[in-house]
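Architecture at a glance
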Amino acid sequence: MNPFQHLAAPIAAAYPGLEPDDIGFGPPPNLELGDVAVHLFQAAKKLRTAPAKLAAALAGADLGPRVIEAQAAGPYLNLRVDRAAFAREIVDAILASGPCFGASGLGAGKRALIEHTSINPNASPHIGRARNAMIGDSLARLFRFEGFDLEVHYYVNDIGKQIGLLVLAAADREDLAFDQILRLYVEANARAEADPEFAAQGFDLLAKMEEGDPDTRARFRKVVDLCLRGQLGVLGRLGVAYDCFDYESAYLKDPRLDPVFEALRAKDALFVDDEQRLVVDLVKIGYPQQKRDAGRFFVLMRANGSSMYGYRDLAYNIDKEGRGADLNLVILGEDHKTYQRQIAQILDNAGHRAPEAVYYAYILLKESRDSSDSTKMSTRQGNVVLLSDFLDQATALAAARVAEQCHDLSPEDQRTIAAQVAVGAVRFSVLRVSPNKNVMFDMEANLSFTGDTGPYIQYSCARIQSILRKYGKELPQIPAEEFPLTTDAEWALLLKLADLPNVVAGCLNQRTTSPVAQYALETARLFTTFYHECPVLTAETPALVQARAQLCAATRQTIANALYLLGIEVPERM
RNA sequence: GCCCCGAUAGUUCAGUGGAUAGAACGAGGCCCUCCUAAGGCUUAAACGCAGGUUCGAUUCCUGCUCGGGGCGCCA
């Protein structure tokens, strides 16, 4: 929806060869200049004239009944328009679309597959690991919102050296609990480093697993599922959910890999090295030659015949490709970039299509409030913020506030709100940062709930709900003829509301949702300005009361839709 | 050494080939007889360095510096 697009028609009509789409509209830098700014750079280029000249010519032209005044300002044309008429259209469109407002149906009739999270079953997820889940889940919401038929996959790494060691260490622990697994995992890895015999036992166990020994498989499955359940419980608190769980162990010795090996042999790219490992020479199949053969060799199998991660992953990628989605996405940490390129090269060589990868950078822990020092999170070193710990602390702090503000609500409702606020705090703080930048995680800042935070946005919605409750009667979904929203605060908010579809469409193309986070924040800020400047319930006329109440409802709907994409819920009160 | 990403107020993040580069935290000064102060108002404060392309570059390109990630038996 661009409410101003029909202003383009009279302009385009006046100049042969100009299409309405050549003319863009946007908010002017400030409302003193005008209500709407017309961007003429593209049109001027097409007409081979200077933008300023075109603007000057248009300032004197008839631009239709809704344009009150047109003023050229250099290359820009600023319009003073019938604000009320546009306001009515915008609010009407939002209230009519409801939870779908912002979607353009870009995925209608298309199928998509997204794989995300896929963390090793070894510990409770920390905030850094959870970035994958938050980005993946948010993208999944975006694709569904735009109409894609979407399947969310989780690749369960239930096999491999580290899991083997963990299973070995868990051997005589009948009553093993989820929160003990990390310590066990760390100990097992440390022991394997120091004790070759223990490490050898781990590989033996792994070999038995690969051979399909039923007893061994059961032992692996037991440990893996215990861990997976624990992890999913924590991720579930964030509102993250999956449709399919694909176990890595199902992709051992997959016959679909035979043609892949054939394709490699055909280019003489597959060889057994002098230590009996099965290796791919990627340069022979088109991988760029780099200094010191960086990234050139890709090991598929160990000397003892057991498979490497990449081997199984090839089969998994072929399996996912076979599900026939129009769009096949995988969310990966930036540490997987080289690896993913290697895998893609091998798949491509065999005529397969690798999934489209979306990468994100690590989350770093900020060390102190006013310095830029930070540390990397390391599960083994224990300097991590566990997602569950953050949620616990944030929920407790939020609960204390809710107890003051909403003491009339049931304890259960209060708990729900506190949990929503906690989720809003983490998801917003992580999702608002561009994926390819490191996130500095500042525990203190994220627990304060003030400033540029998820809770600030949620709070603005709670204020809207409060107004709408006090409005008392049922609010009509259709704006009345008399819709006198004309102040700057109202207009600035309306311009922002009308922009959601553009933001969402842009996100889909860019495979990111961080602009939505920024958008939600800006919208909440503009609402707050409106809130302070424009009384709703005590407005001068009944028509104005209703129009402002409807603007409130439209704002709430818009922010709620944006927050939905981020996986953040909107409490009725807080 | 090589490859990939990043660099914007003291700090954490936005943003754009073109109109005065937006917020927030922190610092100073204010505001609850006013629809929720998890709020608002106000003061000070920024595009790493050097070239290039362009009418115009913080944005695009190159080099440098600094930070993050990676480069055959982890997943």
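Residues numbered from 1 in each chain as written. Chains lettered and ligands numbered in written order. Predicted model: local features only at pLDDT ≥ 70, side-chain atom pairs only at ≥ 80, totals over all residues. Heavy atoms only, no water.

Points about the pairing of strand E12 (residues 356–360)
What counts, and what does not: Strands are treated as partners if at least two bridges between them are detected by DSSP. Counting from the N terminus, the helices are DSSP H or I runs at least four residues long and the strands are E runs at least two residues long. By convention a crossover is right-handed if, when the strands point away from the viewer, the path from the first strand over the helix to the second runs clockwise.
Sheet topology note: the strand E11 (residues 327–333)/E12 ladder contains five bridges and is parallel. Residue Leu 332 lies in a different strand from E12, and its bridge partner there is Tyr 359. The parallel pair E11 and E12 is bridged by helix H12 (residues 337–349), and the resulting crossover is right-handed.

A closer look at unusual backbone geometry
For residues that are not glycine, phi is negative in most cases, and the peptide bond is trans in most cases. One non-glycine residue, Asp 268, adopts positive backbone phi at about 60 degrees. By secondary structure assignment, the location of Asp 268 is in the loop between helix H10 (258–266) and strand E8 (270–272).

Overview of the packing of aromatic side chains
Note the cut-off: Two aromatic rings from Phe, Tyr or Trp, using only the six-membered ring of Trp, form a pair when their centres are within 6.5 Å; if the ring planes differ by under 30 degrees the pair is stacked, by over 60 it is edge-to-face, and anything between is tilted. Residue exposure (1.4 Å probe, protein chains only): buried if accessible area is under 20% of the type maximum, exposed if over 50%, otherwise partly exposed.
Considering all chains together, one arrives at 19 aromatic pairs under this definition. Ring plane angle 55 degrees and centroid distance 5.8 Å describe the contact between Tyr 242 and Phe 245, whose orientation is recorded as tilted. Ring plane angle 50 degrees and centroid distance 5.8 Å describe the contact between Phe 527 and Phe 530, whose orientation is recorded as tilted. Residue Phe 527 and its partner Phe 530 are located together in helix H19 (residues 514–533), separated by three residues, close to a single helical turn. Each member of the pair, Phe 527 as well as Phe 530, carries the same accessibility label: buried.

Thoughts on the sheet that holds E8
Put simply, the rule is: Every angle, taken between N-to-C directions, lies between 0 and 180 degrees, and every axis is a line fitted to C-alpha atoms, over only the stretch in contact when it is a helix. We call two residues contacting when some pair of their heavy atoms lies within 4.5 Å.
An order of E8-E9-E10 is seen for the three strands of this open sheet, with the pairing classed as antiparallel. Each edge of the open sheet is held by one strand with a lone partner, namely E8 and strand E10 (297–301). Each neighbouring strand pair of the sheet contributes to a mean axis angle of 35 degrees, computed without reference to strand direction. Looking at chain direction, strand E9 (residues 278–281) and E10 are connected through four bridges and run antiparallel. Bridge pairing in E10 places Val 279 opposite Val 299. Contacts from H12 reach E9 and E10, with the element oriented near 75 degrees to E10.

Quick notes on the domain arrangement of chain A
For clarity, the cut-off: Domain limits in this description derive from either an automatic procedure or a database domain assignment. Buried area: the accessible area, evaluated with a 1.4 Å probe, that two parts lose upon being put together, summed over both parts. A side-chain nitrogen of Lys or Arg and a carboxyl oxygen of Asp or Glu constitute a salt bridge if their distance falls within 4 Å. Polar contacts, as counted here, are pairs of nitrogen or oxygen atoms within 3.5 Å of one another; within protein the pair requires one atom able to donate a hydrogen and one able to accept it, and residues that are adjacent in sequence qualify only if both atoms are side-chain atoms. All residues other than Ala, Val, Leu, Ile, Met, Phe, Trp, Tyr, Cys, Pro, Asp, Glu, Lys and Arg, Gly among them, are scored as polar; the first ten of these are nonpolar and the last four charged.
Domain assignment breaks chain A into domain 1 (5–81), domain 2 (111–251 + 308–376), domain 3 (254–306) and domain 4 (387–565). When each unit is reduced to the centre of its C-alpha atoms, the spacing between domain 2 and domain 4 is 34 Å. Between domain 2 and domain 4, the residue contacts involve 38 residues of the former and 32 residues of the latter. Carbon and sulfur atoms supply 64% of the area that domain 2 and domain 4 bury against each other, a total of about 3100 Å² over both sides. Counting across the domain 2 and domain 4 interface gives three salt bridges. Between Arg 427 and Asp 137 there is a salt bridge, and its shortest N-O distance comes to 2.9 Å. Counting across the interface, domain 2 meets domain 4 through 18 residue pairs in polar contact (both at pLDDT 80 or more). Breaking the side of domain 2 that touches domain 4 down by element, the ones donating at least two residues are helix H5 (127–145), helix H9 (214–237), E11, E12 and strand E13 (363–366). The element that contributes the greatest number of residues to the side of domain 2 that touches domain 4 is H5, accounting for 12 residues. In terms of residue class, the side of domain 2 that touches domain 4 is made up of 24 nonpolar, five polar and nine charged.

Description of the protein's contact with RNA strand B
Test applied: For this description, a residue counts as near a given molecule or strand if any of its non-hydrogen atoms is within 4 Å of it.
Taken together, the neighbourhood of RNA strand B is formed by 74 residues, with Asn 30, Arg 277, Arg 401, Ser 434 and Tyr 459 sitting nearest. Within 4 Å of the protein, the atoms of RNA strand B are drawn from sugar and phosphate moieties in a proportion of 63%. Asn 438 places a polar main-chain atom, nitrogen or oxygen, 3.4 Å from a phosphate oxygen of RNA strand B. One nitrogen or oxygen atom from the side chain of Tyr 456 is found 3.0 Å from a phosphate oxygen belonging to RNA strand B. Listed by contribution, the elements that provide at least two residues to the surface near RNA strand B are strand E4 (76–81), helix H6 (161–169), E10, H12, helix H13 (387–405), strand E15 (439–441), helix H16 (454–471) and H19.

Here we look at the pairing of E4
Here four bridges tie strand E2 (residues 36–39) to E4, and the two strands are oriented antiparallel to one another. Opposite Ala 37, over in E4, you have Asn 78 as the bridge partner. Both strand E3 (residues 67–73) and E4 contribute to a ladder of six bridges, which runs antiparallel. Bridge pairing links Gln 71 to Asn 78 in E4. Count of turn residues in the E3/E4 antiparallel hairpin: two residues, of which Gly 74 carries a positive phi of about 60 degrees.

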